[in-house]
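Fold and contact review
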Amino acid sequence: MSITGIKGMNDILPGEIETWQFLEQQAREVFGTYGFSEIRTPVPEKTELFCRSIGETTDIVEKEMYSFEDKSDNSITLRPEGTAPVMRAFIQNKLFNLDAVTKLYYMGPMFRYERPQKGRYRQFHQIGVEALGVEDAKIDAQILAMLHRFFEKAGIDSVSLQVNSLGCPDCRPIYRQQLIQYLEARLDVLCEECQRRYTKNPLRVLDCKSAGCKEATQDAPAIIDHLCEHCDDHFAQVQKYLTSLEIPFSVNARMVRGLDYYVRTTFEMVTDKLGSQNAVAAGGRYDGLVESLGGPALPGIGFAIGLERLVLMKGENRIEPAFPQLFIAALGDAAADYAFVLMARLQAKGIRAEMDFQGKSLKAQMRRADKLQAEYVLVLGDDEINSGQAQLKEMASGDQSPVALDCLASQLQEKLG
RNA sequence: GUGGGUGUAGCUCAGUUGGUAGAGCACUGGAUUGUGGCUCCAGUUGUCGAGGGUUCAAGCCCCUUCACUCACCCCA
């Protein structure tokens, strides 16, 4: 066996890439309509960026990052998510001076060292957006409307939007304490995993899939019933605006986030079509993040879409692959040389031309032209070159018509429109 | 990190109680000395994932290992 790729990192091959290109194109169109500009940041960043933003004690930072020392002994990490790098770029380039509101989107590979499974890979791709500078719930609703619109245009249904509020640094700790007390009283029925984590991350228990935990947390206090006035208001506004925009959603009071920076509004696009990975897109508000990374105290909200998961959902839509417009079938060495130059001339004029390089029989060349779905085939032998006239065959109908080699390009352009 | 499943031709997969490996598709050539699809005929292709063991004999049984895959965990 020769050298293989790295576990959990996949090649995206022709035949599959067209779906990716389609989804990327839809994202650009939709996000552009809503006033978002693309930003591209480097794949590696200083490790510290992720420790400070995602949270030291999260699984991502504790055990999933691709980190290494470069030749100057700096600790470098391949980005495990897109928000922190965009915040870093936003602050470093002082984008907040250009406008009070900054709306950005990005797409590209992310890296997490996890055991691969369906919908989860070590290199995976996200399309994400970030809106900075707006506190008002209108932006929350607009972001969700945009996400909804993207799924519509991408032709992917069987997803549903769930929203929740995680509160803020004022109200969440109080709720957290209450939840721990509630769980403590029911420790014996929780699964092993939850018994271990209920103090470290009690909200996670609410999201546990085990039957015992679901049962035990049936009547657990919900975060949305314990929000401070400010957060409660904000969440009510978000729902009001979503309703007025006719965006379907449901409130899932048990939804949690694996990254520490999220506050208040959080949301997920979920599906039951992906095995155990049910989130196709997710995001939320991160109001303290910019400031904690050394920037101005600006609020922010964003989301990321998992592209591999989107592709797995097999939307029918794809970019049309470009078939050859002309296949030149040459007979003999002299004709092949002539055809080679002719093909290059046509290609220079923007005509997708193709020929055989392996000295195959006419029959085999025709077969290949058919397989490649060429629109026309030009049959070229010594006779045709001497007379300057050749037969141009339209493959779909099988009709042949004579054509002067001199004006082949213009005739083809006419036929092809 | 933990558990389950699967590794046989380029692809999808058969392979009986252990007896020296097969089908379909694809590919190549021909039927049609210079014209594709449909049909028919013929042909090529394997370290049976790898290493070791049991046996007269292993694709099949045993051990080890690797890869892929699904799930736990976690998350997009």
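In the block above lies the structure referred to throughout.
Quick summary incoming for the structure in this document.

Criteria and thresholds
- Residues numbered from 1 in each chain as written.
- Chains lettered and ligands numbered in written order.
- Predicted model: local features only at pLDDT ≥ 70, side-chain atom pairs only at ≥ 80, totals over all residues.
- Heavy atoms only, no water.
- Helix = DSSP H or I, 4+ residues; strand = E, 2+ residues; numbered from the N terminus.
- Expected span 1.5 Å × (residues − 1).
- Buried < 20%, exposed > 50% of the residue type's maximum accessible area, 1.4 Å probe, protein only.
- Arc of directions from axis to C-beta.
- Contact = heavy atoms within 4.5 Å.
- Axes fitted to C-alpha atoms, helices over the stretch in contact; angles between N-to-C directions.
- Parallel < 35°, antiparallel > 145°, perpendicular 65-115°, else oblique.
- Left-handed = near helix turned anticlockwise from the far one by under 90°.
- Nonpolar A, V, L, I, M, F, W, Y, C, P; charged D, E, K, R; others polar.
- Disulfide = S-S within 2.5 Å.
- Near = heavy atom within 4 Å.
- Polar contact = N/O pair within 3.5 Å; in protein donor to acceptor, adjacent residues only side chain to side chain.

The next point concerns helix α10 (residues 229–244). Here α10 spans 22 Å end to end across 16 residues, near enough to the 22 Å set by a 1.5 Å rise per residue. If you check which residues of α10 are buried, you get Cys231, His234, Phe235, Val238, Tyr241 and Leu242. End-on view of α10: buried residues confined to an arc of 125°, all on one side of the axis. Residues of α10 that are exposed and angled more than 90 degrees away from the buried face: Glu229, Thr243 and Ser244. Its buried side turned inward, α10 meets α5 (137–154), β7 (160–165), β8 (250–251), β9 (263–270) and β10 (279–285). Two residues or fewer after α10 comes Glu246, characterised by a positive phi angle close to 60°.

The N-to-C vectors of helix α1 (residues 17–33) and α5 enclose an angle of 140°; their axes lie 9 Å apart at closest approach. One finds that α1 runs oblique with respect to α5. Helix-helix and strand crossings are classified by hand; for α1 and α5 the assignment is right-handed. For the pair α1 and α5, contact is made by Phe22, Leu23, Gln26, Ala27, Glu29, Val30 and Phe31 and by Met146, Arg149, Phe150, Lys153 and Ala154, respectively. Classifying every residue of the contact of α1 with α5 gives 8 nonpolar, 1 polar and 3 charged.

For the structure shown, the criterion picks out 0 disulfides. As a non-bridged cysteine, Cys228 has Cys231 as the owner of its nearest cysteine sulfur, 3.6 Å distant. According to the relative accessible area criterion, Cys228 is partly exposed, its value standing at 21%.

This next bit is on the protein's contact with RNA strand B. In the vicinity of RNA strand B lie 46 residues, with Arg120, Arg197, Arg204, Gly258 and Met395 positioned nearest. Within 4 Å of the protein, the contacting atoms of RNA strand B are 50% sugar and phosphate, with bases supplying the remainder. Note that a base oxygen of RNA strand B is positioned 2.8 Å from one of the side-chain N or O atoms of Arg309. Side-chain polar atom of Asp383 to a base oxygen of RNA strand B: 3.2 Å apart, as the coordinates give it.

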